[in-house]
Amino acid sequence: MTDAEIIDRLKADLGGKIVELTHPAPRRLFLKAAPGDLLAVTGTLRDKYGVVFLSTITGVDKGETFEIIYHFSTPEQDFNLRTELPRARPHVESISSLIPGAVLYERELQDMFGIVVDHIPDARRLVLSDDWPEGQYPLRKDWKHERPVEVIPGGES
Amino acid sequence: MLKKLARWSRIKSPWILHLNSGACNACDIEIVAALTPRFDVERFGILLKATPRHADVLVASGPVTRQMRDRIIRIYEQTPDPKFVIAVGACAMSGCVYRGAYNILGGLDQVIPVNMYVPGCPARPDAIVDGVVKLLGKL
């Protein structure tokens, strides 16, 4: 299926749910959906377009909002599903009921951005260390790292 | 007399433990390369040991990550006295490019005392052997 055919099919299948559909390069499709439609769009992509593999989830801190991009891959196309969450209430629904492998990326999203993934089957911490303080999210742009004071053995020369 | 014997045996058989505290693996490959027959460190009595309880020298690579901090201290405390620590590579010396990252505490000397620094990114096997031998020469 060519890209143009896929775009036509997507518009027919998900017309109302896709806010924006761009096609910046061959075989790369960017879809934008509201956070509430995320599960429906993912389900349609999985059932009708053969999307079974989630490459990764990108998080972008845009100030007032967080943008999450789900990068789905099929052998033919890359489907990139974007959604924007308000910073004041960063809640998103887990897609791991449809794509079980998403749970690892969603856990990392929780660690690094503080985005709460609702109905995640396993909400444990993934990448941050065990003694990491609560409420500190290192990939947020307004997060400031306080470096531990370095002690130079023998003093500075 | 006994002291002399202890010193002699210490110099003749420094058993090492290879400790990785978050390195990128380059220094680890070089440490393993230094243990191959090509460099033949057994002529100095250097043997790789699998547990800190058997080791005299900790050969450590990599910056200290926040998660590894307590574990490094535990390994250091398990090593019987007298013990020595060699920091191999730029990361173990200062943190190198990882310095200042949110999950890095800095070089190895931020956590445990270090006796010898071997610079390099990664350090060459000959430099690592040289570091161990120079440490033995100090005893």
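*Asks:* Residue-level account of the sheet that holds strand E2 (residues 28-33) of chain A, with values.
*Replies:* All names here are of chain A. Reading across from one edge, E1-E2-E5-E4-E3 is the order of the five strands in this open sheet, with mixed pairing throughout. The sheet is open, and its two edges are formed by strand E1 (18-25) and strand E3 (53-61), each paired on a single side. Averaged over all neighbouring strand pairs, the angle between strand axes comes to 20°, with direction disregarded. Pairing geometry for E2 and strand E5 (residues 78-86), over five bridges, is parallel. Considered in E5, the bridge of Lys32 is made with Arg82. Helix H1 (residues 3-14) rests against E1 and E2 of the sheet, and its axis sits at about 175° to E1.

*Asks:* Tell me about the sheet that holds strand E7 (residues 116-118) of chain B, residues and numbers included.
*Replies:* All names here are of chain B. Here we have five strands laid out as an open sheet, ordered E2-E1-E3-E5-E7, and parallel in their pairing. Two strands lie at the open edges of the sheet, namely strand E2 (47-49) and E7, each paired on one side alone. Sheet twist, expressed as the mean angle between neighbouring strand axes with direction ignored, is 30°. The pairing of strand E1 (residues 15-20) with E2 spans three bridges and is parallel. Across the sheet, residue Leu17 finds its bridge partner in E2, namely Lys49. Against the sheet, helix H2 (residues 26-34) makes contact with E1, strand E3 (57-61) and strand E5 (84-88), and its axis sits at roughly 140° relative to E3, the strand it touches most. Against the sheet, helix H5 (residues 125-138) makes contact with E3, E5 and E7, and its axis sits at roughly 165° relative to E7, the strand it touches most.

*Asks:* How would you summarise the nonpolar core if you had to cite specific residues and measurements?
*Replies:* With 38 residues, the main nonpolar core has Val57(B), Leu58(B), Val59(B), Ala60(B), Ile86(B), Ala87(B) and Val88(B) as its most contacted residues. Residue assignment for this core shows that the elements contributing at least two residues are E1, H2, E3, helix H3 (69-78), E5, helix H4 (90-94), strand E6 (104-106) and H5 of chain B. Excluding residues within four positions of it along the chain, Leu58(B) makes contact with Leu17(B), Leu19(B), Tyr76(B), Thr79(B), Lys83(B) and Val85(B). Formed by 26 residues, the second largest nonpolar core is a distinct cluster that contains Val51(A), Leu54(A), Ile95(A) and Leu109(A).

Reading the values: rules and limits
Residues numbered from 1 in each chain as written. Chains lettered and ligands numbered in written order. Predicted model: local features only at pLDDT ≥ 70, side-chain atom pairs only at ≥ 80, totals over all residues. Pairing = 2+ DSSP bridges. Helix = DSSP H or I, 4+ residues; strand = E, 2+ residues; numbered from the N terminus. Axes fitted to C-alpha atoms, helices over the stretch in contact; angles between N-to-C directions. Contact = placed C-beta atoms within 7 Å. Core = buried A, V, L, I, M, F, W, Y, C linked by C-beta atoms within 7 Å. Buried ≥ 20, exposed ≤ 12 C-beta atoms within 10 Å, placed from the backbone.

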